Amino acid sequence: MTAPIDTARLLHLRRGGTSVVLRLDDTALPCVLHWGTDLGDNPVDDLLPAVTNPLGDSDVYVQRFVSILPQHSHGWLGQPGLLGSRAGSSWSVDYTSVSHTHQEAGTLEWPDGPAGAVRLVSEGIDAVGGLAVTTEIELHAAGLVRVRASVRNEGAPGYEVRTLEPALPVPATADELLDMTGRHTRERTPQRREFGHGRWARESWGGRPGHDSATVLCAGARGFGFRSGRVWGVHLAWSGNGVVAAEQTSSGWRLLRGGEILLPHEVVLGTGDSYSSPWLVASWGEGLDPFEERIHRFLRARPQHPSTPRPVILNTWEAVYFDHDIPRLLDLADRAADLGVERFVLDDGWFRGRRNDHAGLGDWFVDETVWPDGLGPLSTRVHNLGMQFGLWFEPEMVNLDSDLARSHPEWLFGTEHGPGIPSRQQHVLDLANPEAFAYIFGRVSSLVAEYGIDYIKWDHNRPLVDAGHQADGIAGVHNHTHEVYRLIDELKNAHPALEIESCCGGGGRIDLGIIDRTDRVWVSDCIDAHERQRMQRYTSLLLPPELQGTHVGSEVDHTTHRVLDLDYRAGTAIWGHFGIEWDLAIADDTDLARLREWIDLYKELRGMLHTGTVVHADPTNPAVWVEGVVAEDGADSLFRVAMLDHTLTWPPGRTTLPGLDPERRYRVSVQAPTSRALGDRPVPGWVADGVVLTGRALGEVGLATPLLDVDTLILVRATAID
Ligand code: DGJ
């Protein structure tokens, strides 16, 4: 029997080395036929008959095409793309008509689109169900894809949205999955598994992505690495409850997908109301390096991307904790400025009743018992020393032992069972309560104005559970997430120069929703350089170095109690937005002199480190980790060669330097001050005398790895000479 002729048409989008080929139909939402390698100029119309399977849609077990919102009524037997109902009806969606519009950024149809981007906007009407469903598929100049769906209730009021989860197909060569997990102080630990039949879903139910967040969910050719193996992956740009999933059915479709997890009755649409899913951000590459490069390039092209040199920070947390002694803090500020620090951040402990983490959250007034003259003496000293002044807040949180909780218990989230269990002795403020929102905005904004606060470290130290609006008992995580965004946006509108760090007990809220309105994230509360090597490497799959907060801690790490040399600590921290979190009063003169060298080096190199391409060498020796940044024009580069483990082979073999221009010649040398790590052991000839080699030779053949101890590193500079 012959399959019915498909009358649909194709649309071929091409940007940044990526092609997206879409099948457009008058009664179906778009279906992605290809997403990945650029297919070139020649027409691809024959792809449709070429890839259409011989079985018809009449058999529910076989889907010829799966749309961007997989449709149950068309026989999709996995998770439906849209699931909802109007008190039990209209739960099965089918489109009487679908219209498609192809738009280019900067034209009348999409005037504010980012330069070079193109998109397809499709609207499906379910006239019977009273629904209008819109999908947007964007292809950006960097070759990055973003997908979002919206549903509008055009029928009677009361359409409840349960799931709106767009999906992108990947080919059958993608048979291995990679995502991340972790916990507080050990975020972004990679895990791999086979892409089998069924659904591998990474869910966040705590009102934030969480320390165990998948961050990205990738599917690639078995064994894919940083430099080889084609890989596709998705990220959900959302800071509340959400899911990313890999799903394979027995009809062979492999999908990467994601959306918000909605609690009961969180989204119930009145007539004319609509709900939009968060953006699902999708990238691909020949290995993870080009995958992440697309994301970094996309982020760096945003108008709000930090464009000033990322200032050296001193954060007081691991230096003084809650010991807010004014002479001690003034002395710390003096010492910081003397070393070349550019931003001084006063962490937790400055507000009323906050002598430890049992009380005070919510009372955002300077504690007069500790700071009788307010924060002015410190903020003025900091500013007079030429540094910016930063202050810690945790705006969404409340201790029951606070004036706020005592006077407005109704502002807290809760259910019929009350405010629920505490976590770190704290509960969550319901920012959808207009009075609570106004109070927090007022307090933060007036403190910013009063003390000329340049930077807020915005913390969030517990998950949301039992997060119901007290007024009606309905779950409020969805609303809260939007209100957090609105609060940050309004603060930034009121104080345009204000920068904000997204901290969440370390790295519990790292996503492209929060990063759209903040200026960096705190990668982890663990600043042990050994652990940070891995955490920063895998955070880089989403965020470029300038958005990652990376600090030098004290010699004995406060989390792991590992004892690590300063050059290893600083040589790890230099790969992000560099800072110090160490009581400088107890650092000896040798340490301070070395720290000064590192600060100077960071200042010299940050221009390149924060604009260049991040690269990783796939390990030839699992104990040796190599990564680097290559300047945009390929003329300069810095690599880190770190010994993470006790190497099995001795000597440790060769190290390749990937990502350099293959045709250019580079002078290669060990970057001062890291030659100290070489001790008095014999060194390879290239270390002793320097070498000049092509980028191709450095990437393919490499260099003899110096004899390094465990938990030491060297930096290698490769500078083009032609
Ligand atoms: C958790 C953060 O991640 C730390 O850096 C610090 O700010 C503490 N909270 C303060 O309570």
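Being a predicted model, the structure only gives us computed values, none of them experimental.

A. A look at the packing of aromatic side chains. In the structure shown here, the tally under the stated rule is 13 aromatic pairs. Ring geometry for Trp364 against Phe393: centres 5.5 Å apart, planes inclined by 50°, an arrangement best described as tilted. Here Phe393 lies in strand 23 (residues 388-393) and Trp364 lies in the loop between strand 22 (343-346) and helix 5 (376-384), a separation of 29 residues in the sequence. Here Trp364 and Phe393 have matching classes, each one buried. Centroid distance Phe578 to Tyr602: 5.2 Å. Interplanar angle 25°. Geometry classified as stacked. Taken together, the residues span a long stretch of sequence, with Phe578 in strand 30 (residues 577-580) and Tyr602 in helix 11 (residues 589-609) at a distance of 24 residues. For the pair Phe578 and Tyr602, a shared accessibility class is recorded, and that class is buried. An aromatic cluster is present here, built from Trp350, Phe351, Trp364, Trp392 and Phe393 joined pairwise through their rings. Here the basic side chain of Arg254 rests over the ring of Phe195, its NZ or CZ set 5.4 Å away from the ring centre.

B. Region of the structure containing helix 2 (residues 288-300). Given a rise of 1.5 Å per residue, 13 residues ought to cover 18 Å, and the 18 Å separating the end C-alpha atoms of helix 2 matches this to within 8%. The set of residues buried in helix 2 consists of Leu288, Asp289, Phe291, Glu292, Arg294, Ile295, His296, Phe298 and Leu299.

C. Summary view of the pairing of strand 35 (residues 665-670). What you see with strand 35 is a clean split: Tyr666, Val668 and Val670 sit on the buried side and Arg665, Arg667 and Ser669 on the side with no burial. Sheet topology note: the strand 35/strand 36 (residues 691-694) ladder contains four bridges and is antiparallel. Its bridge partner lying in strand 36, Arg665 is registered against Thr694.

D. Seen up close, the site of the ligand. Taken together, 13 residues sit near the ligand, with Asp347, Asp348, Lys457, Asp459 and Asp525 positioned nearest. In this structure, an oxygen atom belonging to the ligand sits 2.3 Å away from a side-chain N or O atom of Asp525. Here the ligand loses 98% of its free accessible area of 290 Å² to cover by the protein chains. A breakdown of the residues in the shell around the ligand according to their chemical character gives four nonpolar, three polar and six charged.

E. The layout of surface pockets, seen in detail. In this structure, the largest pocket encloses a volume near 620 Å³. In terms of lining residues, the largest pocket is bounded by 30 residues, among which Arg146, Trp279, Phe298, Arg302 and Asp516 are the most central. At three residues, helix 2 tops the list of elements feeding residues into the lining of the largest pocket. Class assignment for the residues of the lining of the largest pocket results in 17 nonpolar, six polar and seven charged. The space that makes up the second largest pocket amounts to roughly 490 Å³. Looking at the second largest pocket, it is lined by 22 residues, and the ones nearest its centre are Leu33, Pro169, Val170, Pro171 and Trp253. Broken down by secondary-structure element, the contributors of at least two residues to the lining of the second largest pocket are strand 3 (28-37) and strand 15 (230-237). Residue contributions to the lining of the second largest pocket peak at six residues, all from strand 3. Its residues assigned to classes, the lining of the second largest pocket shows twelve nonpolar, seven polar and three charged.

Cut-offs and rules
- Residues numbered from 1 in each chain as written.
- Predicted model: local features only at pLDDT ≥ 70, side-chain atom pairs only at ≥ 80, totals over all residues.
- Heavy atoms only, no water.
- Phe/Tyr/Trp six-rings, centres within 6.5 Å; stacked < 30°, edge-to-face > 60°.
- Helix = DSSP H or I, 4+ residues; strand = E, 2+ residues; numbered from the N terminus.
- Buried < 20%, exposed > 50% of the residue type's maximum accessible area, 1.4 Å probe, protein only.
- Lys NZ or Arg CZ within 6 Å of the ring centre and 35° of its normal.
- Expected span 1.5 Å × (residues − 1).
- Pairing = 2+ DSSP bridges.
- Near = heavy atom within 4 Å.
- Polar contact = N/O pair within 3.5 Å; in protein donor to acceptor, adjacent residues only side chain to side chain.
- Areas by Shrake-Rupley, 256 points an atom, 1.4 Å probe, with all protein chains shown as cover.
- Nonpolar A, V, L, I, M, F, W, Y, C, P; charged D, E, K, R; others polar.
- 1 Å grid on protein atoms, 1.4 Å probe; cavity = no way out; pocket = protein on both sides within 12 Å on 5 of 7 lines; lining within 4 Å.
- Points joined across faces, edges and corners; volume = space filled by probe spheres on them.

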